[in-house]
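Okay, here's what each chain looks like letter by letter:
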Amino acid sequence: MVVVADKGGHERASARSLKTIVDFAVGSHARAVAVLLVVALVAFLPGFFNIPPIDRDEARFAQATKQMVESGDYIDIRFQDEVRYKKPVGIYWLQAAVVKTASALGFPGALTTIWLYRIPSLVGAIGAVLLTYWTAVAFVSRRAAVLAGLMIASCVLLSIERLLAKTDAMLLMTVVAAMGAIARAYLPQQRERLDAAGEWAIAAIFWTAVAAGVLLKGPLIVMIVVLAALALSILDRSARWLLTLKPLAGVIWLAVLVLPWFVAIIGRSGDAFLAQSVSEDLLSKVFTGQESHGAPPGYYFILFWVTFWPGATLAALATPAVWRARREPAVKFLLAWLVPSWLVFELVMTKLPHYVLPLYPAIAVLIAGVVDARTLSRKPILEWGTVGWFFVPMAAGIAGIVALAVIGRQFGLLVWPLMGAAAVLGFLAWRLYQADGAEHALLRAVAAAILTAIAIFGLIIPSLGQLFPSPALARILRESGCAHPEAATVGYQEPSLVFLAGTATRLADTAGAAEFLRGGECRFAFVEAREERSFAQRAEAMGLRYRAGPRIDAINVSTGRPITIAVFRSAGAS
């Protein structure tokens, strides 16, 4: 039982207080890691196994990995016949290792089981939570470090990224590892504790993390660590602390890890890799809004209040204390991690919400330190911002239940109590903020965020089958009675269909689909309704005989547009 004093001086007894979890965790590092691991698994597993491939990025990454496994070529990166040189090879290798291992162990259908491809992202998300704790204990108390880890575990943006088989969750883990190592090299009290072996260990962590980050997403991790180191060196007028990271040996180790693949891919592709990755991807993102993702400065600041919820609710309250302590080495380091890179992201023309994810652990540690020190602002106008703890689960619950009723045509009996409990916890976090204190309120909000994630990702989204037509189309092929069915698709040409239906799936026009059907038995054409008339006219002109199959009514999540997909089968099929 935990006893807390409210404003009137009366004692509030709270049985089974969420604080007892933190009290247990701070007993030792092993307990802290165990608690954070359990919380991360509870937060990150909902939907992991039962949400189908999500278009477009996840399905593109997974399909490129699948082709690596199918072809045995682990140097080149392709989606069907198209090269994918926008990102390096790291995530594809990690995904391929999981899929190959599952196949070797006899896992059925490993090549098209999307959650296997998501395992590196899950590992990255959990690793980021644990490494946030490891990084934080260099600055703050163990209790504050646990709070920082809980903020990352419940963060909305990471709750999404852990579910997608792409680079960002793993990149986050590498950045936190690198920055945790830099912190131990920079902070005087941490540096003094390092003997020669400790210095080499910290240097090894740093340079290995940077190499992994480069193989995952190119120069982004380099930008973050260089800007932070440069800012600290300018502010302190000294960079001698960088010698702790063994720069000469580190650069050699970085080259050993990174250069072999870069040399191999340049040897394979010539200048095509550099042209696509640097000119078409990196530079175009800096100077233009690539793929209609342009936004003005301030975009990330506005999104932050939702994407870092529930921790973001305390950001404004913590800001005055952080500003007062800005010259302290710990706060200076965290601000150097955060501010320069954030400004760069705001100035770059192409903006996507996940770009700033590697900066969120710095914010979490800053907030946690202020919460633990009990120096949050007491201005009423800022404290009113805690209503966000109640508003977000309420809005998410209403939106989810409406989507379940309208799209899924279900009542969702299990969703209502989960979202109701989340709303109640959010309400208590807000209304009892002053009475029970910021830490207790934050823990209630974290619990509300996890319940919301369970409801949305574990129950609501998997029930919205209309958002995922590709599994239904792939099922038609599997149940066709054909040993090796082949498909062509017109209109609906999302990468998830290629991943599930097979690498040989043709992305065709109506003429190509008709020609494809004429080519043999066990061939299928998936024709979006807007293209159906043109397909029928082309088939009639060719004298093509075919059989009509089921029609799939769906919503294309990539475009947000309702679609109907007609299925046709070559008439020669038995």
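Structure: above.
A brief look at the structure comes next. Please read all numbers here as calculations on a predicted model, not as lab measurements. As a convention, each chain's residues are numbered from 1 in the sequence order in which they are written. Note on the predicted model: pLDDT of at least 70 is required for a residue's local features to be given, and 80 or more for side-chain atom pairs to be given and counted; whole-chain, interface and lining totals, by contrast, use all residues. Hydrogens and waters are ignored; side-chain quantities use all the structure's heavy atoms.

### With respect to the sheet that holds strand β9 (residues 561-570)
Sheet strands line up and pair through hydrogen bonds in the backbone, either parallel or antiparallel.
In step 1: In this scheme, strands are said to pair when DSSP sees at least two bridges between them. Helix numbering and strand numbering both begin at the N terminus, where a helix is a DSSP run of H or I of at least 4 residues and a strand a DSSP run of E of at least 2. On the basis of which strands lie adjacent, the open sheet formed by five strands has the order β6-β5-β7-β9-β8 and mixed pairing. Every other strand in the sheet has two partners, leaving β6 (506-507) and β8 (546-556) as the edge strands with one partner each.
In step 2: Where strand β5 (residues 486-490) meets β6, two bridges bridge the pair, whose relative direction is parallel. The residue bridging Thr-489 from the neighbouring strand is Leu-507, located in β6.
In step 3: Here helix α23 (residues 469-478) sits on the sheet and contacts β5, β7 (523-528), β8 and β9; the angle it forms with β8, its principal contact strand, is near 160 degrees. By definition, residues are in contact when any of their heavy atoms lie within 4.5 Å. Working convention: axes come from line fits to C-alpha atoms, limited for helices to the stretch in contact. Angles between N-to-C directions cover 0 to 180 degrees.

### Some points on the side chain of Ser-233
In step 1: Along the chain, Ser-233 falls in helix α11 (residues 220-236).
In step 2: Given a relative accessible area of 13%, Ser-233 falls into the buried group.
In step 3: Definition of a polar contact: a pair of N or O atoms within 3.5 Å, with one able to donate and the other able to accept a hydrogen when the atoms are protein atoms, and with sequence-neighbouring residues admitted only if both atoms are side-chain atoms. A polar atom in the side chain of Ser-233 sits 2.8 Å from the backbone oxygen of Ala-229.
In step 4: Dropping the residues within four chain positions of it, Ser-233 is found in contact with Ser-238, Ala-239, Trp-241 and Leu-242. Remark: exposure states derive from per-residue accessible area (1.4 Å probe, protein chains only) relative to the maximum for the residue type, with buried under 20%, exposed over 50%, and partly exposed in between.

### Considering the side chain of Thr-244
In step 1: Tracing the chain through its elements places Thr-244 in the loop between α11 and α12 (247-269).
In step 2: Thr-244 has contacts with Ala-185, Arg-191, Leu-194, Glu-199 and Ala-203, leaving out every residue within four places of it along the chain.

### Let's talk about unusual backbone geometry
In step 1: The omega torsion across Asp-55 and Arg-56 is 0 degrees, close enough to zero to call that bond cis.
In step 2: Summarising the element assignment, Arg-56 is placed in the loop between α2 (29-44) and α3 (57-71).
In step 3: For the bond from Trp-309 to Pro-310, the omega torsion is 10 degrees, close enough to zero to count as cis.
In step 4: With respect to the secondary-structure elements, Pro-310 resides in the loop between α14 (299-307) and α15 (315-324).
In step 5: Even without a glycine there, the phi angle at Lys-246 is positive, about 50 degrees.

### Some details on the state of the cysteines
In step 1: Two cysteine sulfurs form what is called a disulfide whenever their separation falls within 2.5 Å. A full pass over the atoms with the stated rule returns one disulfide.
In step 2: A sulfur-sulfur distance of 2.1 Å marks the disulfide that ties Cys-482 to Cys-522. Given an S-S torsion of about -90 degrees, the disulfide between Cys-482 and Cys-522 has left-handed geometry. With Cys-482 in the loop between α23 and β5 and Cys-522 in the loop between α25 (510-517) and β7, this pair connects stretches of sequence that are 40 residues apart. Of the two residues, Cys-482 and Cys-522, both sit in the buried class.

### Observations regarding the packing of α11 against helix α16 (residues 329-347)
In step 1: It is at 8 Å that the axes of α11 and α16 come closest, and there the two elements cross at 125 degrees. Taken together, the axes of α11 and α16 are oblique relative to one another. Crossing angle aside, the handedness with which α11 passes α16 is right-handed. Between α11 and α16, the residues in contact are Leu-220, Met-223, Ile-224, Leu-227, Ala-228, Ala-231, Leu-232, Leu-235 and Asp-236 and Lys-332, Phe-333, Ala-336, Trp-337, Pro-340, Ser-341, Val-344 and Phe-345, respectively. If an angle is under 35 degrees, it is roughly parallel; if it is over 145, roughly antiparallel; if it lies from 65 to 115, roughly perpendicular; otherwise it is oblique. When the near helix sits turned anticlockwise from the far one by under a right angle, the crossing is termed left-handed; a clockwise turn instead gives a right-handed crossing.

### Some details on a nonpolar patch on the surface
In step 1: Judged by side-chain polarity, Leu-248, Ile-252, Trp-253, Val-256 and Leu-257 come together as a nonpolar surface patch covering roughly 490 Å² of accessible area.
In step 2: Inspection of the secondary structure puts Trp-253 in helix α12. Candidate patch residues must exceed 30% relative accessible area and have no salt bridge, after which like charges are joined if within 9 Å and Val, Leu, Ile, Met, Phe, Trp or Tyr side chains if within 5 Å. Residue burial considers only the protein chains on display, and all accessible areas are found by Shrake-Rupley using a 1.4 Å probe. Salt bridges are defined as contacts in which a side-chain nitrogen from Lys or Arg sits within 4 Å of a carboxyl oxygen from Asp or Glu.

Geometric descriptors of this kind do not, in isolation, establish any biological role.
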